[in-house]
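Here are the chains, one letter per residue:
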Amino acid sequence: MARGNSLADLGLIALFCLIWSSAFAAAKFALPDCPPLLLLSSRFLAAGVILIGLAAITGRAIRLDGRTLASWAVLGVFNSALYLGLSYAGMQTVSSAFTAVLISANPLLTALIAGPVLGERLSPLKLGGLLLGMLGVAIVLRSRLSGGLEDWHGTLLVLAGLVALVAGTILFKKLKPGGDLWTGTAIQSFAAGILLLPIALATESLGDIRLTPALVGGWSYLVIAASIGGYLLWFRLLQTKTATQATSLHFLLPPLGLAFGWLMFREPVSWIDCLGIVPIAIGIAMVTRG
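Residues numbered from 1 in each chain as written. Predicted model: local features only at pLDDT ≥ 70, side-chain atom pairs only at ≥ 80, totals over all residues. Heavy atoms only, no water.

**Quick word on the environment of G179**
So, point 1. In this structure, G179 sits in the loop between α7 (152-175) and α8 (181-203).
So, point 2. C-alpha separation for the pair G179 and R63, spaced 116 residues apart in sequence, amounts to 8.1 Å. (Helix = DSSP H or I, 4+ residues; strand = E, 2+ residues; numbered from the N terminus.)

Pasting the structure below:
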């Protein structure tokens, strides 16, 4: 039984990492034909509608009290609206590789905060694993970094997105919102979409949207796979693992993103990039052990 549960956990982790990392490729397909905030707000609102519908059909929809409703809405603001909204906005003036490097600091920052806030013990083994993961990410992305200076405004936006993601992770563990996970994820999507939509309409033009196959396909994948499947898996992992263990999986996202870039866009991958996966794998094993 224990072995079966372990294999099931590994399956969930693998599926989450594949979905989360492939979302970058889907966004790359869609963004040329749709402004970023319009893409995000429509994605979140559509995901919310679908999740509520599925919850109602399967009998999962339940009535939530005011505190639980507010908790899920706050999580949606941090985990979806602020994290992705700020990151997408920042990527307009800084390179995607630089963005990935900054966001990959998530596990280390989360672990440092989870200790005093959540009481999670950061053992020497886990700290060593986090540092190894950071080393692997630096190796994988070293060839992606621009030789020139990055835009400071875009850098601040991406850093703010990183802080929002870390805050959302810590808040989920701290608030422990009740209710069904499907309903809670739907509320998060609605909250993110409602927050971003007026900003998108005020700063972006609907005339810039072109209904191309790339946009329809990329948008559909972001709604179904990333906003529904990815977030359901992410919060399921947060329910069953510590914040430090769960966020350590984000170290896998840059190399997986490179793999999807090579498969879908034929972006070059060097042998040094492949070498960086070794400390990442060892680091994750050290952080999640026990």
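**Observations regarding the pattern of salt bridges**
So, point 1. If you walk through the whole model with that rule in mind, you get 1 salt bridge.
So, point 2. The partner of R210 in a salt bridge is D33, with the nearest N and O atoms 2.6 Å apart. One end of the pair, R210, is in the loop between α8 and α9 (213-240); the other, D33, is in the loop between α1 (2-30) and α2 (36-57), and 177 residues separate them in sequence.
So, point 3. Given a relative accessible area of 47%, R210 falls into the partly exposed group.
So, point 4. Residue D33 is classed as buried on the basis of its relative accessible area, which comes to 7%. (Salt bridge = Lys/Arg side-chain N within 4 Å of Asp/Glu carboxyl O. Buried < 20%, exposed > 50% of the residue type's maximum accessible area, 1.4 Å probe, protein only.)

**A few points about the confidence of the model for the chain**
So, point 1. Predicted confidence across the chain gives a mean pLDDT of 79, with 77% of residues reaching 70 or more.
So, point 2. The lowest-confidence element of the chain is helix α10 (residues 243-247), averaging 63 in pLDDT; the highest-confidence one is α8, averaging 91. (pLDDT = per-residue confidence, 0-100.)

**Observations concerning α9**
So, point 1. For α9, built from 28 residues, the straight-helix expectation of 40 Å at 1.5 Å per residue is met to within 8% by its first-to-last C-alpha distance of 38 Å.
So, point 2. For α9, the principal kink sits at L222 and spans about 30°. (Expected span 1.5 Å × (residues − 1). Bend = angle between axes of the 7 residues up to and from the residue.)

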